[in-house]
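Here is how the chains run, residue by residue.
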Amino acid sequence: MEVSSSADEHVAEHYIIEPQEISEMVKPDKTVKILIVEDNPEMLAFIERQLSSQYAVVTATNGREALEALDGNFVNLVVSDVVMPLMDGFELCKTIKSNVGYSHIPVILLTAKTNIQSKIEGMELGADSYIEKPFSPEYLLAVVSNLINNREKLRRDFAKSPFVAVNTICLL
């Protein structure tokens, strides 16, 4: 579906802070796959355009489609709206974080729900970040890059020494 520039202006006007072109903050890595879950077609297309210049992107329009996409793709990170039909972003996050096969995947909740209780609920369900709409595309890209880089550092460190002495692990 081709989205017109007037649609971009509508999205920018209602959902975006600083609707400017994203700078080259991160090196493109098309081996990294991001799942975007958003029921608003204009917003989905906008986020996809922002991230697809740097990463491979898969899309879904609700939580159920997202779970199917996770089953069929090796996904490195999920960016999900909260308010969606069939399965909302909170339930999707809870499902991802409670499934041993997906629990390592970072989840960013991107939503217009700005009250403190929603933020707390998202974090308690395991979200790695909670970004409010309107949002800065630069900030979204920075959060995505940071989460991916941190996961890669953990993966490399674990690969170097997969067996760690129990007394060296800090449990809170």
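This structure is a prediction, so every number in the text was calculated from the model and none was measured.

### Considerations on the nonpolar core
Piece 1. Within the largest apolar cluster, 23 residues are counted, with the highest numbers of intra-cluster contacts made by Leu-35, Val-37, Leu-70, Val-78, Leu-92, Ile-96 and Leu-109.
Piece 2. If you list the elements that add at least two residues to this core, you get strand E1 (33-37), strand E2 (56-60), helix H3 (63-72), helix H4 (89-98) and strand E4 (107-111).
Piece 3. Those residues in contact with Leu-92 that lie beyond four places of it in its chain are Val-37, Gly-63, Ala-66, Leu-67, Val-78, Ser-80 and Met-87.
Piece 4. The next biggest cluster of nonpolar side chains, apart from the first, holds 21 residues, and it includes Leu-77, Ile-108, Leu-110 and Leu-147.

### Observations regarding the environment of Glu-138
Piece 1. Following the sequence through the fold, Glu-138 ends up in helix H6 (residues 137-160).
Piece 2. Along the backbone, Glu-138 and Gln-50 are 88 residues apart, and their C-alpha atoms lie at a distance of 8.9 Å.
Piece 3. Among the polar contacts listed, one links the side chain of Glu-138 to the side chain of Ser-136, at a separation of 3.0 Å.

### Let's talk about the confidence of the model for the chain
Piece 1. Taken as a whole, the chain shows an average pLDDT of 83; of its residues, 77% reach a score of 70 or greater.
Piece 2. Note on residues 17-25: pLDDT under 50 across the span, and 19 contacts to partners over four residues away in sequence or across chains.

The rules behind the values
- Residues numbered from 1 in each chain as written.
- Predicted model: local features only at pLDDT ≥ 70, side-chain atom pairs only at ≥ 80, totals over all residues.
- Heavy atoms only, no water.
- Core = buried A, V, L, I, M, F, W, Y, C linked by side-chain atoms within 4.5 Å.
- Buried < 20%, exposed > 50% of the residue type's maximum accessible area, 1.4 Å probe, protein only.
- Helix = DSSP H or I, 4+ residues; strand = E, 2+ residues; numbered from the N terminus.
- Contact = heavy atoms within 4.5 Å.
- Polar contact = N/O pair within 3.5 Å; in protein donor to acceptor, adjacent residues only side chain to side chain.
- pLDDT = per-residue confidence, 0-100.

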